[in-house]
Structures are given as structure tokens and as C-alpha cells.
Amino acid sequence: MIRSMTAYASAESAGPTGTLTCELRTVNHRYLEISPRLPEELRSFESALRERIGAHLSRGKVDLTVRLRSETGSSEGLQVNAQMLARLSELALDLEHRFPRMSIEFTELLRFPGVLRQTETDADALQAALIAALDRALVALNDTRGREGAKLGEMLVERLDGIERIVGDVRGWLPEIRAALRLRLEGRLADIRQPVDPGRLEQELVLQITRIDVDEELDRLATHISEARRVLALKEPVGRRLDFLMQEFNREANTLGSKSVDSRTTNAAVELKVLIEQMREQVQNIE
């Protein structure tokens, strides 16, 4: 299965302190790089989130943003320390006769350290809600990556078909190219106007044909085509394998061009390089 490394997804989940939202953005990268942005109260869950993402993704730069939204105006989770508030009231009464103009606002009392406390949150329930939101986001993300990957796979197969056609064309031209090379060599020797040993002529012809022989390059290109088709059908991340194959494809195309003595094979080598470069650009985005 081909999966793209570029995608976006988000999901929400109800937690004990409000609504949790997970957003995932991924782009291509050589390795798996996770960059989480979490509220301070969720920092302790970062390791669990990284592990969860690593279980679903193998490559790509992943930006994870988590938001925690409490219900507007809700006082749920807040507690007033009654003992502390009573003690402050006693102090105020004791000091009232000494400072008759003293006035204390209720909001100022709430700001006093220890008066207003946050109820302890069930950490397990909060983590479960966070993981649930992340899992849904990961499923949506992989669905998107899969759809984009399917399009990339179709494009790669189309380019492989083009490379295969060019390899077949070059094979068909080789006998004609070799015959033309023999005629050119014989014409050059005839211009010398000196007797030439037939054995020497054959020896020189074999040497020239050996220099331009591309059977081995064509065979390797055919092998690379078969391997690329096999890799595209694997049920695992294949981006690195395809990236290596693109290097091998390019090497054979360069050699084919350097050995060319015919305009058709020269043009074929250029067309091969164009198709291979188009594939290489897309392979960079495959997981």
C-alpha cells in the first residue's frame, strides 16, 4: 500500500475537564519526527502520545496540536477552602476596630493563596479521552494518506509503463544500429584506400560494438521495473526502497546516454531521465 506523507486530520473527544481536540499535520521527511504542542496540564502525556503516533506512522514530520476547551462559565472542578476562608474572616473581624476603613473584596479573597483550589482530575480518564481523540485523528489521517498514496501509485505505474516501452523500443533498434555501425566502419576503411585485413576489420567492429553495447543496461532497467512493480504492491511502507530504485534507474539511463551513437537512443535516454525524475519527485513524498 502506497501512502503519502502529506495530510491533515483532526478529532475531538469529551474529557473529564472539557473537550479535547487533536490536530495532526504531516509532511514528507526522511524519518519520523514528532513535534507536539500541548497545554501545560497535558504535558505529562507527551510520551504516551509519541508512542501512539509511532505505532501508526513510520515516516514524516508530524505536527500534533492538542487543545483543551472547558465549558464556558462552568465552575466544575473548582473548590473553595472553607477553613482558609473562615480563618481570613476571623482575621478581618479582629482587625476591623484597628482599621475601620478597611474593605475587602470577595474577588481579592479568592486570589489569596490556598482559598480557591482546582479539584484533582482523574489522570487515567483524561489520558483515555486524549488517546481516543488522537486515535480518531490518526485513522482519518491515514485514510487521507492512503487516498493520496493511491494517486501517487497510479502515477508511478504510468511512468513505469513509459520506461518499459522505451526499453522495448531501444531493444528493437539495436540490430539496425549495429548494422549501421558496420557500414560506417567499412566506409571509413574504404577511404583509406589501402588493403585491410578482414580479420582486423572484424576485430575493430567487435571493439566498436562492445563500446556501444547497452544490452546489460537494458536488462538492468527491466529488472528495476519488475522490482518497482513488486515494491508498489507491498503492504508496508516502501518510500525508502523506491528512493533507492530511483537512483539505480537514473544510473542506467545515464550509461545508456553515454554509450549512444544513434539519435534515437540519445532521445530515448533523455526521455528516460525525464520519466525517472518525475518518479523521483513523487517518491520523496511516499511513506
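Quick notes on the rules
Residues numbered from 1 in each chain as written. Predicted model: local features only at pLDDT ≥ 70, side-chain atom pairs only at ≥ 80, totals over all residues. Heavy atoms only, no water. Pairing = 2+ DSSP bridges. Helix = DSSP H or I, 4+ residues; strand = E, 2+ residues; numbered from the N terminus. Right-handed = clockwise from strand over helix to strand, strands pointing away. Core = buried A, V, L, I, M, F, W, Y, C linked by side-chain atoms within 4.5 Å. Buried < 20%, exposed > 50% of the residue type's maximum accessible area, 1.4 Å probe, protein only. Contact = heavy atoms within 4.5 Å. Axes fitted to C-alpha atoms, helices over the stretch in contact; angles between N-to-C directions.

Chemist: Help me out: how do you make sense of the pairing of strand β3 (residues 32-37) in this one?
Modeler: Remark: a regular strand shows side chains that alternate across the two faces of the sheet. Pairing geometry for β3 and strand β4 (residues 60-69), over six bridges, is parallel. Following the sheet pairing, L32 is matched in β4 by G60. For the crossover from β3 across helix α1 (residues 46-56) to β4, the handedness is left-handed.

Chemist: What's the story with the nonpolar core in this structure? I'm lost.
Modeler: Generally speaking, a soluble globular protein has its nonpolar side chains buried in company with each other. Counting residues in each nonpolar core, the largest one holds 33 residues, and the members touching the most others are L156, I163, V170, L242, F249 and L272. Looking at this core, the elements that each hand over two or more residues are α4 (123-192), α6 (215-232), α7 (239-259) and α8 (263-283). Top element by residues in this core is α4. It accounts for nine residues. Excluding its chain neighbours within four sequence positions, the residues that come into contact with L156 are L232, L242, M279, Q282, V283 and I286. Counting residues in each nonpolar core, the second largest holds 25 residues, with A11, L38, L42 and A129 among its members.

Chemist: Could you clarify how one ought to interpret the sheet that holds β4 in this entry?
Modeler: Remark on secondary structure: sheet strands pair via backbone hydrogen bonds, oriented parallel or antiparallel. Pairing in this open sheet of four strands is mixed, and the strands run β1-β2-β4-β3 from one edge to the other. Two strands bound the open sheet, and with one partner strand each, they are β1 (7-15) and β3. Ignoring strand direction, the axes of neighbouring strands in this sheet form an average angle of 15 degrees. Examined bridge by bridge, strand β2 (residues 18-27) and β4 share nine bridges and lie antiparallel to one another. Of the residues in β4, the one forming a bridge with T26 is V62.

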